[in-house]
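Below, each chain spelled out in residue letters.
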Amino acid sequence: MAGNWKMYKTGQETTAFFAGFNPLVAGTANCDVVICPTFLSIPAAVAAARGTVTQIGGQNLFWAKEGAYTGEVCGEMLVAAGCQWVLVAHSERRQYFNESDAETLKKTQAALAAGLNPIVCVGEKLDERKGGKTEQVLIEQFAGGLAGLTEEQFSKVAIAYEPVWAIGTGQTATPAIAADAHGLIRSEAEKRFGKEAAAALRILYGGSVKPDNVERLMKEEQIDGALVGGASLDPQTFIKIVKAA
Ligand code: 13P
């Protein structure tokens, strides 16, 4: 169960979140709990979550190890700051920063080389779904962004299916729609990496996950967790989602 805080919360607000969240999440053993704050709030999150079950992740990384790349942060820096996870190719990165499938692969490889667990995001836009292109888009994103990994690399990756039309819109995918898409992604994983790898793959659903719809989503065999935006910003709300795992 992962929270993507996007461009929300200062360091102080991050500390305040964990003051409320730590006692609520104590004892959670049925799932991994991950929070991905902004780069600047990572130190505050790491300090506040130390000794708790919550793990910290970045929202993005650059594929080079170091160099003249103004404004970028690499995987090794995230690890040094205390991160264990990183989001790759969130649809907002694809939409506003033109990230491509080829870059997704490079970033995923860089994350793995640094020792991070990548959560690689895929998902179709509204016009693509309306145009009957959902399958094609997911297959292309898998082929370009993930199929180039080795089997060993792939075993450390989680995938988040986030239909773009469901993000921040309050319009969540129905459990059946999400399960269909997850099934398709899992079958692509099986074709490329084999049955065992596909069965072990964790596929998270993201897009308007809230306390009142999470249980129905989690009942689907194909759905292994959630990547939560808005509803991860408040401790009382996010803990209800974590408990549904
Ligand atoms: P919301 O939960 O706010 O719809 O955001 C989903 C998302 O993009 C998580 O990465």
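The following paragraphs examine the structure supplied in this document. Just so we're clear, the structure is a prediction, and the values are computed from it rather than from any experiment.

Further remarks concern the overall build of the chain. From N to C terminus, the chain includes 12 helices and 8 strands. Here the chain has a C-alpha radius of gyration of 17 Å; the compact-globule value for 245 residues is 18 Å, and the two agree. With the C-alpha coordinates aligned to their principal axes, the bounding extent of the chain is approximately 45 × 45 × 35 Å. When burial is assessed residue by residue, the chain has 51% of its 245 residues classed as buried. In the chain, the proportion of contacts linking residues at least 24 apart, taken out of those at least 6 apart, comes to 70%.

Attention now moves to helix 7 (residues 134-145). Here helix 7 is 12 residues long and its end C-alpha atoms lie 16 Å apart, about the 16 Å a rise of 1.5 Å per residue gives. All of the buried residues along helix 7 are Thr134, Val137, Leu138, Gln141, Phe142 and Gly145. What you see down the axis of helix 7 is that its buried residues fit within an arc of 130°, all on one side.

Oppositely charged side chains can form a pair if their charged atoms are brought close together. Tallying each qualifying case throughout the model produces 11 salt bridges. Among the salt bridges present, the one from glutamate 99 reaches lysine 107, with a minimum N-O distance of 2.8 Å. Close ionic contact of arginine 129 with glutamate 124 constitutes a salt bridge, the shortest N to O distance being 2.7 Å. Of the residues examined, glutamate 124 reaches a relative accessible area of 0% and is grouped as buried. Each member of the salt-bridge network shares a partner with another, and the members are Arg93, Glu99 and Lys107.

In this section: the layout of surface pockets. Put simply, the largest pocket is a space of about 440 Å³. Around the largest pocket, the lining comprises 18 residues; the ones closest to its centre are Lys6, Met7, Gln59, Arg93 and Phe97. Among the elements that line the lining of the largest pocket, the one with the most residues is helix 4 (residues 91-96), at 3 residues. Classifying every residue of the lining of the largest pocket gives 7 nonpolar, 6 polar and 5 charged.

Conventions used here
- Residues numbered from 1 in each chain as written.
- Predicted model: local features only at pLDDT ≥ 70, side-chain atom pairs only at ≥ 80, totals over all residues.
- Heavy atoms only, no water.
- Helix = DSSP H or I, 4+ residues; strand = E, 2+ residues; numbered from the N terminus.
- Rg over C-alpha atoms; globule rule 2.2 N^0.38 Å.
- Buried < 20%, exposed > 50% of the residue type's maximum accessible area, 1.4 Å probe, protein only.
- Contact = heavy atoms within 4.5 Å.
- Expected span 1.5 Å × (residues − 1).
- Arc of directions from axis to C-beta.
- Salt bridge = Lys/Arg side-chain N within 4 Å of Asp/Glu carboxyl O.
- 1 Å grid on protein atoms, 1.4 Å probe; cavity = no way out; pocket = protein on both sides within 12 Å on 5 of 7 lines; lining within 4 Å.
- Points joined across faces, edges and corners; volume = space filled by probe spheres on them.
- Nonpolar A, V, L, I, M, F, W, Y, C, P; charged D, E, K, R; others polar.

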